[in-house]
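# What the coordinates show
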Amino acid sequence: MKVLISADIEGTAFTTYWEETEKDKATYPAAAREMTREVCAAIDGAMRAGADEILVNDAHDYAINLDPTAMPECVELIRGWAGSPLSMVEGVDETFDAAMFVGWHSPAGKSGNPLSHTMSDKPARITLNGLPCSEFLLYSWACAMYGVPSVLLTGDRMLTELSSSLHPCLKTVWVKDGLGGMTRCKSPARVEKEIRLASEQALRQDLSHACCTLPEHFDLSITYKEHKYAVRNACYPGFRQVSDDTITMQTDRLMDILTAVKFVL
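Thresholds, definitions, all that
- Residues numbered from 1 in each chain as written.
- Predicted model: local features only at pLDDT ≥ 70, side-chain atom pairs only at ≥ 80, totals over all residues.
- Heavy atoms only, no water.
- Pairing = 2+ DSSP bridges.
- Helix = DSSP H or I, 4+ residues; strand = E, 2+ residues; numbered from the N terminus.
- Axes fitted to C-alpha atoms, helices over the stretch in contact; angles between N-to-C directions.
- Contact = heavy atoms within 4.5 Å.
- Core = buried A, V, L, I, M, F, W, Y, C linked by side-chain atoms within 4.5 Å.
- Buried < 20%, exposed > 50% of the residue type's maximum accessible area, 1.4 Å probe, protein only.
- Expected span 1.5 Å × (residues − 1).

### Topic: the sheet that holds strand 8 (residues 171-179)
- One open sheet accounts for 7 strands, arranged 3-2-1-4-7-8-9; its pairing is mixed. Because the sheet does not close on itself, it has two edges, and the strands there are strand 3 (75-78) and strand 9 (182-185). Geometrically, the sheet is characterised by an average inter-axis angle of 20 degrees between neighbouring strands, direction not taken into account.
- Pairing of strand 4 (residues 98-104) with strand 7 (residues 150-156), which is carried by 4 bridges, proceeds in the parallel orientation. From the neighbouring strand, Trp-104 faces strand 7, where its bridge partner is Gly-155.
- Helix 4 (residues 188-203) contacts strand 1 (2-7), strand 4, strand 7 and strand 8 of the sheet and is inclined by roughly 145 degrees relative to strand 8.

See below:
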């Protein structure tokens with residue numbers, strides 16, 4: 001069984017302040033260690049379910065957060081960025097049986113995590129086909145383009161609740177809840193135990209009908225915190241400015257959306 005795991009850090013067990021996610025800050029090493037432990041818990045669960053080929057995508061910031069020495073022999077690790085539209089799920093293709101997302105966070109403008117954002121700190125809110133557009137929405141749909149089902153999501157409670165209906169066989173683990181600038185966190189030991197169990201359960205399901213059906217049309221709306229970005233990014237092909245701070249794009253191709261967000265966010 002071949003599995004992709006994409007890992008972020010803002011949705012791990014205790015990250016609360018941006019400083020914890022930045023590699024040059026004193027509080028970062030503890031967050032990076034927890035990110036590695038949660039990924040390893042997902043790997044362990046996947047291996048128990050029969051996965052013998054696992055590709056892990058380190059998908060936060062400079063993409064050099066995970067400890068390579070902690071990875072089992074069946075794991076390949078992507079570090080750094082290729083620059084393609086697949087971004088946080090770089091490496092996915094039709095040969096994978098399932099995708100898992102560990103340590104992900106609520107989308108821009110949502111209160112479920114003090115670190116809520118979508119791709120950058122520029123947007124105040126983003127919707128895709130009327131849904132709050134999280135990074136998970138974008139890149140789990142990217143996996144679905146290749147027929148790869150998303151079966152596990154771990155992160156803050158709001159993200160898991162927003163996302164639970166997006167995929168037929170999605171298992172979720174929420175690791176913390178947010179309110180304003182506060183988080184209320186489960187213990188890392190409990191989080192790792194729950195991730196390990198959910199990962200195994202996710203892959204022991206009948207995955208023959210686990211892949212979601214993508215929409216036939218995509219309507220992306222981005223509202224920026226600063227109106228200057230709307231003026232500038234409305235120049236990107238396919239966008240139009242609909243108000244002082246908002247641009248929209250409509251297309252029948254998800255790849256158009258995935259390409260555009262690399263330039264307008």
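### Topic: the nonpolar core
- By size, the foremost hydrophobic cluster in this structure holds 46 residues, and its most contacted members are Val-89, Phe-101, Tyr-139, Leu-220 and Ile-222.
- By size, the runner-up hydrophobic cluster in this structure holds 37 residues, among which are Val-3, Ala-7, Val-151 and Val-175.

### Some remarks on helix 4
- The end-to-end C-alpha distance of helix 4 is 23 Å, a good match for the 22 Å that 16 residues give at a rise of 1.5 Å each.
- Tucked inside the fold, the buried residues of helix 4 contact strand 1, helix 1 (28-48), strand 4, strand 7 and strand 8.

### Quick word on the environment of Ser-165
- Inspection of the secondary structure assignment puts Ser-165 in the loop between helix 3 (157-163) and strand 8.
- Given a relative accessible area of 68%, Ser-165 falls into the exposed group.

### So, the environment of Lys-110
- Summarising the element assignment, Lys-110 is placed in the loop between strand 4 and strand 5 (123-128).
- Its relative accessible area of 33% is what places Lys-110 among the partly exposed residues.
- Taking the C-alpha atoms as reference points, Lys-110 and Ser-134, separated by 24 residues in sequence, lie 9.7 Å from one another.
- Setting aside residues no more than four positions away along its own chain, Lys-110 makes contact with Ser-116, Pro-132, Met-158 and Leu-162.

### Overview of unusual backbone geometry
- A positive phi angle, close to 55 degrees, is found at Asp-61, a residue other than glycine.
- Mapped onto the elements, Asp-61 comes out in the loop between strand 2 (53-58) and strand 3.
- Despite not being glycine, Ser-87 has its phi angle at roughly 45 degrees, a positive value.
- Relative to the helices and strands, Ser-87 resides in the loop between strand 3 and strand 4.
- For Ser-87, a relative accessible area of 9% gives the class buried.

Treat this as a map of the structure, not an account of what it does.
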